[in-house]
Amino acid sequence: METDDCYNGQIKDEKTLRTDIDISIMDCAVGPIAVAGAQKGDILKIDIIAIQTADYGVMVTKKGMGILGDDVVIPDTKIIPVKDGFAYITSEIRIPLTPMMGVLGVYPRDEEDIHCAIPGDHGANMDTKLVRVGSSVYFPVFKDGAGIALGDLHACMGDGELDGTGIEIAGRVCLKVTVIKGHMINRPIIETKEGFYFMASREDIHDAIHVAVKDTVDFLMRKKNISFTIAYRLLSATCDIQISELVNDTLTVRVHVPKLDLQIDSLF
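Along every chain, residues carry numbers that run from 1 in the direction the sequence is written. The predicted nature of this model means local features are confined to residues of pLDDT at least 70 and side-chain atom pairs, given and counted, to a pLDDT of 80 or more, with totals for whole chains, interfaces and linings taken over all residues. Computation of side-chain values covers all heavy atoms of the structure but excludes hydrogens and water.

**Quick notes on the overall build of the protein**
At step 1: Each helix and strand in the protein was counted, giving 3 helices and 16 strands.
At step 2: Scaling as 2.2 N^0.38, a compact globule of 268 residues should have a C-alpha radius of gyration of about 18 Å, and the protein matches this with 19 Å.
At step 3: Each principal axis of the C-alpha distribution contributes one length, and for the protein these read about 60 × 40 × 35 Å.
At step 4: When burial is assessed residue by residue, the protein has 46% of its 268 residues classed as buried.
At step 5: Within the protein, contacts between residues separated by at least 24 positions form 73% of all contacts whose residues are at least 6 apart in sequence.
At step 6: If you sum the accessible surface of the protein, you get close to 13000 Å²; carbon and sulfur atoms cover 53% of it. Secondary structure elements follow DSSP: runs of H or I of four or more residues count as helices, runs of E of two or more count as strands, with numbering from the N terminus. Based on C-alpha atoms, the radius of gyration is set beside the globule rule, defined as 2.2 Å times the residue count to the power 0.38. Only protein chains enter the calculation, and the probe is 1.4 Å; a residue is then buried if its accessible area is under 20% of its type maximum, exposed if over 50%, and partly exposed in between. Note on definitions: a residue-residue contact is assigned when non-hydrogen atoms from the two residues lie within 4.5 Å. Only the protein chains shown count as covering a residue, and every accessible area follows the Shrake-Rupley method with a 1.4 Å probe.

**Remarks on the pairing of strand 5 (residues 76-83)**
Consecutive side chains of a regular strand alternate in pointing toward one face of the sheet and then the other.
At step 1: Two strands form a pair only when DSSP identifies at least two bridges running between them. Pairing of strand 4 (residues 56-61) with strand 5, which is carried by 6 bridges, proceeds in the antiparallel orientation. Its bridge partner lying in strand 5, Tyr56 is registered against Pro81.
At step 2: Two strands pair when backbone bridges link them, and strand 5 and strand 6 (residues 86-88) are joined in this way by 2 bridges, in the antiparallel orientation. Looking at strand 6, one finds that Val82 is bridged to Ala87.
At step 3: Counting the residues that bridge the hairpin from strand 5 to strand 6 gives 2 residues, and of these Asp84 lies at a positive phi of roughly 55°.

**With respect to the pairing of strand 8 (residues 100-105)**
At step 1: Judged by how many residues are buried, strand 8 sits mostly within the fold: 6 of 6 residues are covered.
At step 2: With 3 bridges connecting them, strand 8 and strand 9 (residues 123-125) associate as antiparallel partners. Its bridge partner being in strand 9, Gly105 is matched across the sheet by Gly123.

**Some details on the sheet that holds strand 6**
At step 1: Strand order in the open sheet formed by 4 strands is 4-5-6-7, and the pairing between neighbours is antiparallel. Two strands bound the open sheet, and with one partner strand each, they are strand 4 and strand 7 (94-96). For this sheet, the mean inter-axis angle between neighbouring strands, taken without regard to orientation, is 25°. Axis definition: a line fitted to C-alpha atoms, limited for helices to the stretch in contact. Angles are taken between N-to-C directions and run from 0 to 180 degrees.

**What to know about the packing of helix 1 (residues 205-224) against helix 2 (residues 228-238)**
At step 1: At a minimum axis separation of 9 Å, helix 1 and helix 2 run at an interaxial angle of 120°. With respect to their mutual orientation, helix 1 and helix 2 come out oblique. When the axes of helix 1 and helix 2 are compared, the crossing they make is right-handed. Residue-level contacts link Val213, Thr216, Val217, Leu220 and Met221 of helix 1 to Phe228, Ala231, Tyr232 and Leu235 of helix 2.
At step 2: Any residue that is not Ala, Val, Leu, Ile, Met, Phe, Trp, Tyr, Cys, Pro, Asp, Glu, Lys or Arg is counted as polar, Gly included; the first ten are nonpolar and the last four charged. Looking at the contact of helix 1 with helix 2 residue by residue, the class counts come to 8 nonpolar, 1 polar and no charged. Any angle between 65 and 115 degrees counts as roughly perpendicular, while under 35 counts as roughly parallel, over 145 as roughly antiparallel, and the rest as oblique. We call a crossing left-handed when the near helix sits turned anticlockwise from the far one by less than a right angle, and right-handed when that turn is clockwise.

Structural data, given as structure tokens:
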């Protein structure tokens, strides 16, 4: 799949500011793509095989944007060159590329339209840096065909996306898709070599944490065949709550379940 950056290619130089562009077409996702054999109630597993980025990215600031947005005096745009595995924040400061997808999801549960910028139980704009090469992302299939869509690539992005933007960039993504029958999940789950991450997106961060923790405890109860009390203790002794993004109206968190510590190597 091939996708533009989150600004839909509207920013091509440092004279163009965030205040100049049409924000109604931000975070446009490529898709939906139907998956043969995917039916409501199934699970869709998406393995991220490769992410190829363009040769420059964009970072912008404006008043009110990000955690310290009130401290921003004037809007500003920075074009960031990307080459030889690094992003050049300035001519003297470069950082290693950590490419990931901000938007990856499937058809939502409800019939009403949901903007691609809004994350939910269907995925979409989770802005989670673990949605990267080598990871597998599991989605509930809410409608026949699943309807994969993606976009909002970043050359680099830290947890929280604290100034309101990663290094926004265009690129190409290679995915491997598998339909899993006979099991159900309620929300996206990310698998890496090290662990599983139970995702939740809600307008209130405490609600998001509650949902992610409940899903994790339910998983531990089933996987380990243990009571709620033991699973709750096991969660608190070994698992971590982590923040994916804080700057959207709908916030996203995740609970990390370490594979090695808990001797768990599969979801099902």
